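This is what each chain is made of:
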Amino acid sequence: MIVFTLQLTSLIVVVLMSSSSSAFVFSSSNLKTAASNCNVKSANVQSKLSYKKSSDDTMESVTDDSINDAHSTLLWDSTNAVDQINDLERMNNGDDDVSVDVDTNISSTATTILPAQTIIHKHNHIIFRPTLREDALTTTTTNLNERDENMSTSETQYLQQQTALVFVPGAFLDPFQYEALALAIQEQSTHPVWIVVPKLFLNAANPLSIPYAMKECIQGLQSSGYPLQNKIFIGGHSLGGTFLPEILERLDPSDLNNIAGMILLGSFVERKHRKNKNAAYKSIPRLTVVGDLDGVVRAARIAEDIEHHVHVNVSRTEDSDEARFDHSVVMINGMNHFQLVDTNIVHTICQSRDLQPEISKEDATRSTACAIVDFVESHHTQVKDKNQKERRESLLEKIRLTEKYLEPLLEAMRLEGNYNIVTPCNLVECDVSDNEATCNKGSSWVESIQKELVPEEINEATVHDEFRRTWYINPFAKIPFYHPSVTNKGNGKVNIETVTEGIYDKFDFFIDAGFFSNTAIELRSKLNSDQAILNAIGVSIPFESNQNTCSEINQMTIQYALDHAPDIVKKRYMDQGIKLQAGVDISHNNGPSWIWSHLDFTKEGCGGTDEPCHIIDSHTMNTPLDHPVPFAGGKLYCKLLSPAKVLDWMYTDSLR
């Protein structure tokens, strides 16, 4: 009863979220090149010949060996194959369902006898067995420990070349919906790759059932002929991938040694895991593949993952390529979240939030398979051959292109002082004035904005922003920590202190799914007015009420994003995206009303046209020096757009 309740709870969460971490950005030209490099074959015509084992049939059961023998004699002729399978069906008996996929995209003159692709149905998982060399068909189904002494060198090497991927499906997705991906991986791989996908209870990925399902998958692999001594890769799509780091935490160290790598498709490592410096997943090579049009796992969340798992390691490692190689992120241009699965997807909130793809399902599958094969063969430690070097170089090229694609977004997050990149000083016990503080002291973007507002009469201005809670007022505190201020340094030079608080989506804080924005919704910034800055050097000017200063700053932020967005992101945004446009300032005469008012997003036509726009009105409080409350005089309070928020909008949200 407890287990069922927990699984039911997981189902509710699954409906609300489908998480999916560096990446290859394909253009129309290099998509063909990548396909060529990965030995991508033309789309194969698959003749699926299925038969069901009857549980009440009293005839003699057909063993795995006899099935393999039949496979080894199949000609690449669909008619002949049907006759042979029908004969086998009449002899069959047991509890499993077995279907055989025969590739018929072969010349009609071909007479080569080859083993057929096999899909083995178990009651709790599906095994996609690769096409194996004939002399390995019986070898792999025998107790390998007993045959070690009698094996030829060729047989031993061939067994070592084989690898396996245990792949966990996403929420509400059936194992067979990954058949096209499994076949594409096997098709592109130089060495045989076994792929097994578990059938989860109600097709609901959850941390309660996955460990048992994976254990049964491994047992099924071994009983079906996979070499017992070979390592395996583990992987998952969407929510199935999100749970993998948690599953690894429960494994014994000896079990971890049998895992060659982890593959996350449309998913990433959640923040709660990376806080643990000794987390099990950190010792295992990892590949993340995600589409740049994934509407479930946004590009900004992948950028955050790269900063923590790749860039941090690069800065601490002499071999930067090695750091990227062990924690690889590959982004497929034009692919969305659900293109990796076959049709008949159960409709979920996540599916409705996905973006429209720009490439076909076949291209998305082949490109993803290419990245997976690059990763698997690069980390296949039991085999050393010339292909590994080529695969490694191919993978690193994809990673570099991905980082280039995401770098503008990541740099904007750094300028913002993104709380998910470095913890802000206002949330930890540390002194902001401490030069050794490891927390994030303030927003570089706000500092640059304040510099833009410095009057020409000032010869030099040094600006320091500090992250503080804007609603926290302590009249006994040291003013620079909680209120903006200006200090005269002589000779027309001033030191300016500003205060900022980043406001983030609460849903992203509680549900780290990549579904919600991880950039600041707004920056609550307390700046200094022209009147206060000039007054610090002894120059008096009359007070002027606000003239849309905050909205002008927001328009500058939008322009910054346009200037720095990758060409493909800018083109999508300009051609089909919902535009952002700064509106007007809404004035307040007291701090509390300004604090608890947020940027207003109003959807209407751009400039009176039918083109959809989001008009953004800011909230401001501009006070004179002789304000009744002394510490509140000479201030310019603004609700500002973050450059990261605008770029996040351009990459993802504008395309919904």
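Just so it is clear, the model here is predicted, and its values are computed rather than measured.

Participant: Where do I start with the overall build of the protein in this structure?
Facilitator: A tally of regular secondary structure across the protein gives 26 helices and 18 strands. Out of the 656 residues belonging to the protein, those deemed buried represent 57%. With the model as given, the accessible surface of the protein reaches about 28,300 Å², and the carbon-plus-sulfur share is 52%.

Participant: Would you take a moment to explain the environment of lysine 122 for this structure?
Facilitator: Within the fold, lysine 122 resides in the loop between β3 (117–121) and β4 (125–129). For lysine 122, a relative accessible area of 18% translates into the label buried. As for lysine 122 and proline 198, which are separated by 76 residues in sequence, their C-alpha atoms are 9.1 Å apart.

Participant: I'm lost on a negative patch on the surface in this one. Help?
Facilitator: Taken together, the side chains of Glu456, Glu457, Asp530 and Glu544 make up a negatively charged region of the molecular surface. Inspection of the secondary structure assignment puts glutamate 456 in the loop between α19 (444–452) and β11 (460–467). Classification of glutamate 456 by relative accessible area gives exposed; the value is 80%.

Participant: In this structure, what is going on with unusual backbone geometry? I would like to understand it.
Facilitator: A negative phi angle is the norm for most residues apart from glycine, just as the trans form is the norm for most peptide bonds. The backbone of phenylalanine 172 shows a phi angle near 60°, a positive value even though the residue is not glycine. Positioned with a positive phi, serine 238 is a non-glycine residue whose angle comes to about 55°. Among the structural elements, serine 238 can be located in the loop between β7 (232–237) and α10 (239–242).

Participant: Whenever I open this one, the pattern of salt bridges confuses me. Can you help?
Facilitator: If charged atoms from side chains of opposite charge come close, those side chains can pair. A complete count under the given rule lists 26 salt bridges for this structure. Close ionic contact of arginine 414 with glutamate 411 constitutes a salt bridge, the shortest N to O distance being 2.9 Å. Highlighted residues: arginine 414 and glutamate 411, both in helix α18 (residues 386–416), separated by three residues, approximately one helical turn. Of the charged contacts in the structure, one is a salt bridge between lysine 639 and glutamate 522, with a shortest N-O distance of 3.4 Å. Of this pair, lysine 639 sits in strand β18 (residues 635–640) while glutamate 522 sits in strand β14 (residues 522–528); the two residues are 117 residues apart in sequence, bridging distant segments of the chain. Each member of the pair lysine 639 and glutamate 522 is classed as buried.

Participant: I tried to follow the nonpolar core on my own but got confused; where do I start?
Facilitator: Grouped burial of nonpolar side chains is what soluble globular proteins tend to show. In terms of nonpolar packing, the biggest core is built from 78 residues, with Ile185, Ile302 and Met650 touching the most fellow members. Sequence-distant contacts of methionine 650, that is, excluding residues within four places in its chain, are made with Ile558, Ala561, Leu562, Ala565, Val569, Tyr573 and Leu655. Core analysis: the next-biggest nonpolar cluster, separate from the first, contains 35 residues, Leu239, Phe243, Ala279 and Tyr281 among them.

Participant: Just checking my understanding: could you explain the packing of helix α17 (residues 361–378) against α18 for this structure?
Facilitator: The relative placement of two packed helices comes down to the angle between their axes together with the axis-to-axis distance. The contact between α17 and α18 brings their axes to 8 Å, and the two run at 130°. Taken together, the axis directions place α17 and α18 in an arrangement best described as oblique. Regarding α17 and α18, the two cross each other, and that crossing is left-handed. Along its contact with α17, which presents Cys370, Ala371, Val373, Asp374, Phe375, Glu377 and Ser378, the element α18 presents Asn387, Gln388, Arg391, Arg392, Ser394, Leu395 and Lys398.

Participant: What exactly am I supposed to notice about the environment of valine 373 here?
Facilitator: Tracing the sequence through the fold places valine 373 in helix α17. Each C-alpha atom of the pair valine 373 and valine 193 lies 9.3 Å from the other, and the pair is 180 residues apart in sequence. Not counting residues within four places of it along the chain, the set of residues in contact with valine 373 comprises Ile185, Gln188, Ser189, Ser378 and Arg391.

Participant: Explanation requested: the side chain of lysine 645 in the structure shown.
Facilitator: Among the structural elements, lysine 645 can be located in helix α26 (residues 643–651). It is aspartate 648 that comes nearest to the buried, bridge-free lysine 645 among opposite-charge side chains, at 4.8 Å.

Participant: Is there a simple way to explain the state of the cysteines in this structure?
Facilitator: Cysteine pairs can be linked by a disulfide, which is a covalent bond between their two sulfur atoms. For the structure shown, the criterion picks out three disulfides. Note on cysteine connectivity: cysteine 606 is disulfide-linked to cysteine 613, with sulfurs 1.2 Å apart. The chirality of the disulfide connecting cysteine 606 with cysteine 613 is right-handed, given an S-S dihedral of about 85°. We classify cysteine 606 as buried; its relative accessible area is 10%.

Participant: Honestly, the environment of glutamine 450 in this entry has me stumped. Any pointers?
Facilitator: Looking at the secondary structure, you find glutamine 450 in helix α19. Residues glutamine 450 and asparagine 528, 78 residues apart in the sequence, show an inter-C-alpha distance of 7.6 Å. Residues within four places of glutamine 450 in sequence aside, it is in contact with Val463, Ile496, Thr498, Leu527, Asn528 and Ile533.

Participant: In this structure, what is going on with the side chain of glutamate 377? I would like to understand it.
Facilitator: Mapped onto the fold, glutamate 377 is located in helix α17. Residue glutamate 377 is classed as buried on the basis of its relative accessible area, which comes to 4%. Separated by 2.9 Å, the side chains of glutamate 377 and serine 189 make a polar contact. Within the structure, the side chain of glutamate 377 is placed 2.5 Å from the backbone nitrogen of threonine 190, a separation counted as a polar contact. Setting aside anything within four residues of it in sequence, one finds glutamate 377 in contact with Ser189, Thr190, His191, Asn387, Gln388 and Arg391.

Participant: Would you mind showing me how to read α26 here?
Facilitator: The α-helix advances 3.6 residues per turn, and as a result positions three or four apart in sequence lie on the same side. Burial runs high along α26: nine of the nine residues are buried. Its side-chain oxygen placed 3.1 Å from the backbone nitrogen of alanine 644, serine 642 serves as the N-cap of α26.

Participant: So what exactly am I meant to see when it comes to the packing of aromatic side chains here?
Facilitator: What characterises a pair of aromatic rings is the spacing of the ring centres plus the angle enclosed by the ring planes. Under the definition given, this model contains 12 aromatic pairs. Both rings, one in tyrosine 419 and one in tyrosine 504, keep their centres 4.7 Å apart while their planes meet at 35°; by these two values the pair is tilted. Of this pair, tyrosine 419 sits in the loop between α18 and α19 while tyrosine 504 sits in the loop between β13 (493–503) and α21 (506–510), and the two are 85 residues apart along the sequence. Its relative accessible area of 16% is what places tyrosine 504 among the buried residues. Ring centres of phenylalanine 515 and phenylalanine 516 lie 5.2 Å apart, and the angle between their planes is 85°; this geometry places the pair in the edge-to-face category. Judged by relative accessible area, which is 6%, phenylalanine 515 ranks as buried. Overall, phenylalanine 516 belongs to the buried group, its relative accessible area being 18%. One aromatic cluster is present, built from ring pairs that chain together Tyr419, Phe467 and Tyr504. Taking the ring centre of phenylalanine 515 as reference, the NZ or CZ of arginine 353 above it sits at 5.3 Å. The lysine or arginine in question, arginine 392, covers the ring of phenylalanine 325, its NZ or CZ lying 4.1 Å from the ring centre.

Scoring rules and cut-offs
Residues numbered from 1 in each chain as written. Predicted model: local features only at pLDDT ≥ 70, side-chain atom pairs only at ≥ 80, totals over all residues. Heavy atoms only, no water. Helix = DSSP H or I, 4+ residues; strand = E, 2+ residues; numbered from the N terminus. Buried < 20%, exposed > 50% of the residue type's maximum accessible area, 1.4 Å probe, protein only. Areas by Shrake-Rupley, 256 points an atom, 1.4 Å probe, with all protein chains shown as cover. Patch = residues over 30% accessible without salt bridge, like charges linked within 9 Å, V, L, I, M, F, W, Y side chains within 5 Å. Salt bridge = Lys/Arg side-chain N within 4 Å of Asp/Glu carboxyl O. Lys, Arg positive; Asp, Glu negative; His and termini not counted. Charge placed at Lys NZ, Arg CZ, Asp CG, Glu CD. Core = buried A, V, L, I, M, F, W, Y, C linked by side-chain atoms within 4.5 Å. Contact = heavy atoms within 4.5 Å. Axes fitted to C-alpha atoms, helices over the stretch in contact; angles between N-to-C directions. Parallel < 35°, antiparallel > 145°, perpendicular 65-115°, else oblique. Left-handed = near helix turned anticlockwise from the far one by under 90°. Disulfide = S-S within 2.5 Å. Polar contact = N/O pair within 3.5 Å; in protein donor to acceptor, adjacent residues only side chain to side chain. Phe/Tyr/Trp six-rings, centres within 6.5 Å; stacked < 30°, edge-to-face > 60°. Lys NZ or Arg CZ within 6 Å of the ring centre and 35° of its normal.

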